[in-house]
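A structural walkthrough
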Amino acid sequence: MHVVLDMGFIRSIIWCCLGAGLIILLGACGGGSGGQSAEPTSSLQPSAPATSGSSTGTVPTTSEQDLSRTDRVSAAQFLQLATFGATAAEIDAKTKVSVDEWLEAQFQLPIARHTPIVNRYLQTYGYDIDAMPNPGTFRRFAFWERAIGSPDQLRQLVAYALTQVFVVSDRPTPIFVNPLALSSYYDTLLEHSFGNFEDLLLAVTLHPVMGFYLSHVNNAKSDPVANTFPDENYAREVMQLFTIGLYELNLDGSWVLDPAGKPIPTYDNQVIREFSKVFTGLSYGETGYSPDLMFGKRNPAFNVPMVMFEEFHELGEKRLLNGEVLPNGQSAMEDIQGAVKNLFQHANVGPFIGKLLIQRLITSNPSPAYVARVASAFNGEGEAPRGDMKALVRAILTDPEAASAERIREPFRRYVHMIRALEPTSEDGSYPGLGYLAQFLTGQHVLSAPSVFNFYSPAFTQPGELETLGWVSPELQITTEDTIVGITNLVAATLYREQGLDTPIDFPDVTFNLSHYFALADEGEALVDEIAIVFAGDQLSQAARSIILDAVEEIPATNRQDRVNLALYLTLIAPSYAVLGEDA
Amino acid sequence: MSAFRRRDFLRSASRLGLLTGLGGALPFIHQSVLGADDSDEDYRALVCVLLAGGADSFNLLVPRSQSAYSMYKARRGDLALDLNRLLPIGTEQGATTFGLHPSLTGLQGLFERQHGAWLTNIGPLVEPTSPDAFNAGQVDLPLGLFSHADQISSWQTVDPGTRTTTGFGGRLGDLLINQNSQQPLATSITLSGSNVFQSGRSTGSYSMNANEGVRTIGGFDDSDVFRSALIRLIADDRGNVLRRAYADKLDSAIETGTVFREALSQAQALNTAFAADPFSSAMAQIARVMSIRQLLGASRQTFFVTYGGWDHHEDTLGQMDNMLPALDQGLSQFFTALEELGMSHQVTTFTISDFGRTLTSNGKGSDHGWGGQAWVMGGAVNGGQIFGQYPELDVDNPLDVGRGRFLPTTSVDALYAEFSRWMGVEPLDHPSLLPNYAKFVGESQGIGLEALLAR
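A short note on the overall build of chain B
For chain B, the count of helices and strands is 13 helices and 12 strands. A compact globule built from 455 residues would reach a C-alpha radius of gyration of about 23 Å, and chain B, at 23 Å, matches this within 12%. Split into buried and exposed, the 455 residues of chain B put 65% on the buried side. Here the contacts in chain B between residues at least 6 apart in sequence split such that 75% fall between residues at least 24 apart.

Quick notes on the overall build of chain A
Of regular secondary structure, chain A possesses 26 helices and 8 strands. When the 584 residues of chain A are sorted by exposure, 60% land in the buried category. For chain A, contacts bridging at least 24 residues in sequence account for 74% of all contacts bridging at least 6. Carbon and sulfur atoms make up 54% of the accessible area of chain A, which totals about 20,400 Å².

Points about the interface of chain B and chain A
The interface of chain B with chain A comprises 69 residues on the first partner and 82 residues on the second. For the pair chain B and chain A, the summed buried surface comes to about 6,300 Å²; carbon and sulfur atoms form 58% of the total. When residues of chain B are sorted by the area they lose upon contact with chain A, Leu242(B), Arg243(B) and Tyr246(B) head the list and together hold 13% of the total. Joining chain B to chain A, the criterion identifies 10 salt bridges. Taking the shortest distance from any N to any O, the salt bridge between Arg232(B) and Asp550(A) comes out at 2.9 Å. At the junction of chain B with chain A, the criterion picks out 37 residue pairs in polar contact (both at pLDDT 80 or more). Taken together, the elements giving at least two residues each to the side of chain B that touches chain A come down to helix H2 (66–76), helix H5 (148–157), strand E7 (206–207), helix H7 (224–236), helix H8 (241–264) and strand E8 (300–308) of chain B.

Topic: the confidence of the model for chain B
Detailed reading of predicted coordinates is not advised where the pLDDT is low. Residue and element names in this part refer to chain B. The predicted model of chain B has a mean per-residue pLDDT of 90, with 91% of residues at 70 or higher. Below pLDDT 50 for its whole length, residues 1–38 participates in 66 contacts with residues either more than four positions away or in separate chains. On the interface metric, ipTM, the complex scores 0.88, and its pTM is 0.86.

Details of the packing of aromatic side chains
In the structure shown here, the tally under the stated rule is 50 aromatic pairs over all chains. Taking the centre distance of 5.3 Å and the plane angle of 15° together, the rings of Phe279(B) and Tyr307(B) count as stacked. Residue Phe279(B) is found in helix H9 (residues 278–291), and its partner Tyr307(B) is found in strand E8; the two are separated by 28 residues along the sequence. Across the pair, Tyr307(B) and Phe279(B) agree in class, each one buried. Linked through ring pairs, Phe166(A), Phe197(A), Tyr234(A), Phe242(A), Phe275(A), Phe279(A), Phe344(A) and Phe378(A) together constitute an aromatic cluster. Of note, Arg120(A) hangs over the ring of Tyr121(A), and the distance from its end group to the ring centre comes to 5.1 Å. When the ring centre of Phe344(A) is taken as origin, the NZ or CZ atom of Arg386(A), which lies over that ring, is 5.2 Å away.

Remarks on a nonpolar patch on the surface
Residues Val307(A), Phe309(A) and Phe312(A) make up a contiguous nonpolar surface patch of about 240 Å² in total accessible area. With respect to the helices and strands, Phe309(A) occurs in the loop between strand E2 (307–308) and strand E3 (318–319).

A short note on the pattern of salt bridges
Per the stated rule, a full pass over the model turns up 44 salt bridges over all chains. With its nearest N and O atoms 2.8 Å apart, the salt bridge here joins Glu232(A) to Arg403(B). Residue Glu232(A) is located in the loop between helix H11 (208–213) and helix H12 (233–240), and its partner Arg403(B) is located in the loop between strand E11 (386–387) and strand E12 (410–411); the two belong to separate chains. This pair shows no difference in class: Glu232(A) is buried, exactly as Arg403(B) is. The salt bridge partner of Arg560(A) is Asp522(A), with a shortest N-O separation of 2.9 Å.

Focus on the layout of surface pockets
Residue and element names in this part refer to chain A. Computed from the structure, the second largest pocket encloses a volume of approximately 420 Å³. The wall of the second largest pocket is formed by 20 residues, among which Ser-74, Phe-78, Val-99, Leu-397 and Ala-403 lie closest to the centre. Contributions of two or more residues to the lining of the second largest pocket are made by helix H2 (69–82) and helix H17 (389–398). With 5 residues, the single largest contributor to the lining of the second largest pocket is H2. Split by residue class, the lining of the second largest pocket holds 9 nonpolar, 9 polar and 2 charged. There are two domains that each give the lining of the second largest pocket at least three residues, and those are domain 1 (7–108 + 408–580) and domain 3 (349–403).

Some thoughts on the environment of Asn233(A)
Inspection of the secondary structure assignment puts Asn233(A) in helix H12. Here the alpha-carbon distance between Asn233(A) and Asp130(A), two residues 103 residues apart in the chain, equals 33 Å. Apart from residues lying up to four places away in sequence, Asn233(A) is in contact with Tyr213(A), Leu214(A), Ser215(A), Asp311(B), His313(B) and His368(B).

Describing the packing of helix H6 (residues 138–149) of chain A against helix H18 (residues 411–421) of chain A
All names here are of chain A. The interhelical angle for the contact between H6 and H18, taken along N-to-C directions, is 55°, at an axis separation of 9 Å. By the angle class used here, H6 and H18 are oblique. Between H6 and H18 lies a crossing whose hand is right-handed. The segment H6 lies against H18, with Phe-143, Trp-144, Ala-147 and Ile-148 engaging Phe-412, Tyr-415, Val-416, Ile-419 and Arg-420.

Comments concerning unusual backbone geometry
All names here are of chain A. In this chain, Met-132 is followed by Pro-133 through a cis amide linkage whose omega measures -5°. Its location among the elements puts Pro-133 in the loop between helix H5 (115–125) and H6. The phi dihedral of Ser-215 falls on the positive side, at around 60°, and the residue is not glycine. Within the fold, Ser-215 resides in the loop between H11 and H12. Given the relative accessible area of 2%, Ser-215 is considered buried.

Some points on the pairing of strand E9 (residues 347–353) of chain B
Residues and elements named next belong to chain B. With 7 of 7 residues buried, E9 lies mostly within the body of the structure. A two-sided burial pattern is seen for E9, the buried positions comprising Val-347, Thr-349, Thr-351 and Ser-353 on one face and Thr-348, Phe-350 and Ile-352 on the other. Note: strand E1 (residues 44–52) against E9, 7 bridges, orientation parallel. Considered in E9, the bridge of Cys-48 is made with Phe-350. Where E9 and strand E10 (residues 372–377) come together, 2 bridges link them in antiparallel fashion. By the bridge assignment, Thr-349 is partnered in E10 with Met-377.

Regarding H5(A)
Residue and element names in this part refer to chain A. Of all the residues in H5, the buried ones are Ile-117, Val-118, Tyr-121 and Leu-122. On an axial view of H5, the arc spanned by its buried residues comes to 145°, and they lie on one face. Residues of H5 that are exposed and angled more than 90 degrees away from the buried face: Gln-123 and Thr-124. Here the buried face of H5 lies against H6 and helix H9 (181–193). Once H5 finishes, Gly-126 follows within two positions and takes phi at roughly 75°, a positive value.

What to know about the sheet that holds strand E4 (residues 96–100) of chain B
Residue and element names in this part refer to chain B. Pairing within the open sheet is antiparallel, and its 3 strands lie in the order E2-E4-E3. At either margin of the open sheet sits one strand with a lone partner, and together these are strand E2 (61–63) and strand E3 (87–93). Between one strand axis and the next, the sheet turns by 35° as a mean value, whatever way the strands run. Two elements, E3 and E4, share 5 bridges in a ladder whose sense is antiparallel. Bridge assignment links Glu-92 to a residue of E4, and that residue is Thr-97. Lying over the sheet, H2 contacts E2 and E4, oriented at roughly 115° with respect to E2.

Considering H9(A)
Residue and element names in this part refer to chain A. Compared with an ideal rise of 1.5 Å per residue, which puts 13 residues at 18 Å, H9 spans 19 Å between its outermost C-alpha atoms and is within 8% of the ideal. Counting buried residues in H9 gives 12 out of 13 residues, a clear majority hidden from the surface. Inspection of H9 places Ala-181, Leu-182, Ser-183, Ser-184, Tyr-185, Tyr-186, Asp-187, Thr-188, Leu-189, Leu-190, His-192 and Ser-193 among the buried residues, and these make up the whole buried set.

A look at the pairing of E4(B)
Working note: regular strand, side chains alternate between the two faces of the sheet. Counting buried residues along E4(B), 4 of its 5 residues qualify, which places the element largely inside the surrounding structure. The antiparallel pairing of E3(B) with E4(B) creates a hairpin that spans 2 residues between the two strands, and Gly94(B) there sits at a positive phi of about 60°.

About the thresholds
Numbering of residues begins from 1 in every chain and follows the order in which that chain's sequence is written. Whichever chain is written first becomes A and whichever ligand is written first becomes 1, with later ones labelled in order. Predicted model: local features are reported for residues with pLDDT of at least 70 only, side-chain atom pairs are reported and counted for 80 or more only, and whole-chain, interface and lining totals are derived from all residues. For the side-chain quantities, the full set of heavy atoms in the structure was used; hydrogens and water were omitted. Comment: elements are numbered from the N terminus, with helices defined as DSSP H or I runs of at least four residues and strands as E runs of at least two. We compute the radius of gyration over the C-alpha atoms and compare it with the globule rule, which gives 2.2 Å times the number of residues raised to the power 0.38. Whether a residue is buried, partly exposed or exposed follows from its accessible area with a 1.4 Å probe, protein chains only, as a fraction of its type maximum: under 20%, in between, or over 50%, in that order. The criterion used for residue contact is that any of the two residues' heavy atoms lie within 4.5 Å. Only the protein chains shown count as cover for residues, and all accessible areas are computed by the Shrake-Rupley method using a 1.4 Å probe. By buried area we mean the combined loss of accessible area, with a 1.4 Å probe, across both parts when two parts are placed together. When a carboxyl oxygen of Asp or Glu is within 4 Å of a side-chain nitrogen of Lys or Arg, the pair counts as a salt bridge. Pairs of N or O atoms are called polar contacts if they sit within 3.5 Å, as long as, within protein, a hydrogen donor faces a hydrogen acceptor (for residues adjacent in sequence, only side-chain-to-side-chain pairs). pLDDT measures how confident the predictor is about each residue, on a scale from 0 to 100. Planes of paired rings set the category: under 30 degrees apart is stacked, over 60 is edge-to-face and the rest tilted, where pairs are Phe, Tyr or Trp rings (Trp by its six-membered ring) whose centres lie within 6.5 Å. The criterion is that NZ of a Lys, or CZ of an Arg, lies within 6 Å of the ring centre and within 35 degrees of the ring normal, and then a charge sits over that ring. By definition, no residue in a patch forms a salt bridge, and every one has over 30% relative accessible area; like charges are joined within 9 Å, nonpolar side chains (Val, Leu, Ile, Met, Phe, Trp, Tyr) within 5 Å. Cavities and pockets are found on a 1 Å grid laid over the protein atoms alone: a cavity is a set of points where a 1.4 Å probe fits but cannot escape, a pocket is an open set with protein on both sides within 12 Å along at least five of seven lines, and a lining residue has an atom within 4 Å of such a point. Grid points are joined across faces, edges and corners, and a volume is the space filled by probe spheres set on the points. Under the grouping applied here, Gly and all other residues not named as nonpolar or charged are polar, the nonpolar ones being Ala, Val, Leu, Ile, Met, Phe, Trp, Tyr, Cys and Pro and the charged ones Asp, Glu, Lys and Arg. The source of the domain bounds is an automatic or database domain assignment. Note on method: axes are straight lines fitted to C-alpha atoms, helices fitted across the in-contact stretch only, with angles between N-to-C directions ranging 0 to 180 degrees. Orientation labels follow simple angle bins: below 35 degrees gives roughly parallel, above 145 gives roughly antiparallel, 65 to 115 gives roughly perpendicular, and whatever is left gives oblique. For any helix crossing, the convention is left-handed if the near helix is rotated counterclockwise from the far helix by under a right angle, and right-handed if that rotation is clockwise. Two strands make a pair as long as DSSP finds a minimum of two bridges between them. The arc under discussion is defined with respect to the helix axis, by the directions toward the C-beta atoms. The length a helix should cover is 1.5 Å for every residue beyond the first.

This is the structure:
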């Protein structure tokens, strides 16, 4: 159940990192309290000719000084929803194009797949499950390289959001130790992120990692002699979690109620048993990677779609949702495709998937109207067919309500955001060392959830103010005393080190380009303001700004690095950064 | 939770000596309570071990006598354990004798020493439910029956007809917190993050790291500038609902974390050795915290730990062989540690899981079921017994609602009612504690556990 990482080793690394950080902090604080505030710089105040507010892409700006603060804030707020995290330069670039233009450009970018990177690491290090780096980490290296360096940010991010809907995980050892398993899975999500939901659902259904994770690989038809029945696992979860949920939904995501005022279940156990018959007969498509190294056991290919073995597929008709029946006698793959279509056509999918993706990408408590607008886009509007993922993503990101997003940033994305916005560079553009501490300190890493129910429930709330308002906060479920210390220390470990992230192997050094902030370090207010724009979309509260400014000004202005580090550290752990939104 | 968080943080931080540089020993704890004799001590704790995923508990407690084993073998098919691998235990129901999964040697010993008991065919119910009423759809049933998301909650909330956000441990904590006046957040401690079991109306859980206990925020103890800025952020950067929820956790991480760290630094090392697996490590942390209960001023506590990965739709036998030794070690070593601390009779530990699983196989493993077996252990447990009626595994048993999914014959309400009384709370005096319990009083699914714990 546990990933094969050397936790003891990593533990010693974090203490090294923190040790270095404490020395610097102490150094910073030993310098007395003489720093006083100065007049705020005007370089970032509105100085360009006022535009009409929304970016049109025609503003003739040539340098940062000319950009309006309003436009930069607007760009920063959009990009913190649509990317893993934007640098100051990317924010500036965004001010020159409209949201529609930006989206269209993202839709056109080629897919930056993860598998080629995994193959590169396999060529470099070979496949040795006892070696460092462990091949099970190669797909994580690929994630970091793409999340940080790839221009197709929106696609990478949508695929990431889909990993939290179609959840699989590297916690089972066979998935962890197969380096191509989850890179292939992520690539599958990337390929369909801007495609059609029906194709996405079919590809996920046939992916061998999903087959392993929800046990419909090697799922055989009923055997009356042995008294065995088809496995019900995928049949249940594909309905409960991936498509329609437990209750009939209105377009706006609210429950349809019966005359007694009760929600109406979408299926019962009999329907699950019918679907379980559909998902029989699938097995691995090929023999997998390095056969002699998989403990000498069965060695599945986790990067080739599963294939059908008709003789293990349950015969007979299957009674699906909405009275639809798969006829007796059709091919097994026709059964699978028919079941996927049956699910895809269910009226719940738009509001169910739409709301889940709004919660992952934008806001925890979308209004019913927002859900309805997104569900309508899913259902097909204008030229776009039902299930068009571009239409879905566009509707989610361009909705007026997206501008008032309120959500706790989950630890993993906080970390990715921080790293990306700190403008990391390495000699070859790879960042294999970056993810090492993240899971250890925060309990979270891409595709490493404890179960198919993800790291948190989309319905999580807690008694008190939240529940009284009828609000949920999924990410609050993993916001505990322990993880909050973990993410805080991850910020410290990243900022307070001389160079390079310590890793168990001699990976390329990663350096952060903080020159943009060093240039502002003399002027505490300008420094805090710029960090607030770039990192928090200008949503850092006034209270936080003033507290951070007071702290920064305790440090002599000549000590630029300490000023920048402290301003970043405090910003990145402040509640008004950790929680997307505005003060009420 | 919020009731304990709306304080002046600067004041409490000052009390802890954080701002004035006092540091060191906690000013409000008398050293004399260290090592106090517990013979007259009024301390009791419940430890909830969640086997997340739905452990196949019809392979934990298995009938051994010939006819019952034959039926078991016939129904389970390729999931049946070999008769000669079962660990015999000295109890019977009618003509049926029983054995344990071969990995449970520690639990076998605790059972034989009468420190552990099994509960059989127990599960969540909304109201007394007969097979006929179930089949006729005449009763309210747990929401999302047979599904993980709801059933894992049902065992924790024991209010399975709703999707409530509070759990039994949390609601019990609401009633007991006044007995833990020095450190309210010591009432509910989790080693596995947030959980609905310990979520109460006014109390929540304090989260510790299973490996490291209480971790420290980098720089907090060493930089005055950083520390005071962070404390001000917690106090003032809370301008909307979610920011307040976040700031409250950060507050608790620092404030309660400091108290715990100070107290734990005075904990005596235990002679009992724990295995290194994550579950056993978590149990070791619980034993450590219990050893400093007096420093924390705690007299009633719940602890929560998850051991996940039991959703064995595939390779059930192999996966259980892999996973049960850690469970067996962690539980038995924990009991040994409690004996070393002289407090085994003050702590009751129990397992819960999403559901039992289907008796019948899907050819590789088992699917989601309903009633199942639970383990309860502690010095107060009237052990060496099976509580409840182990079901006939016959396909014609009306309790079998399909593929060997068993309608529970004991409701979780009955178990938690017994726990409540042992902790000093009469459940019928507090209807919101166990909202459905009154419906089970005197009914077959609500009785039979009155002698589980010595009081």
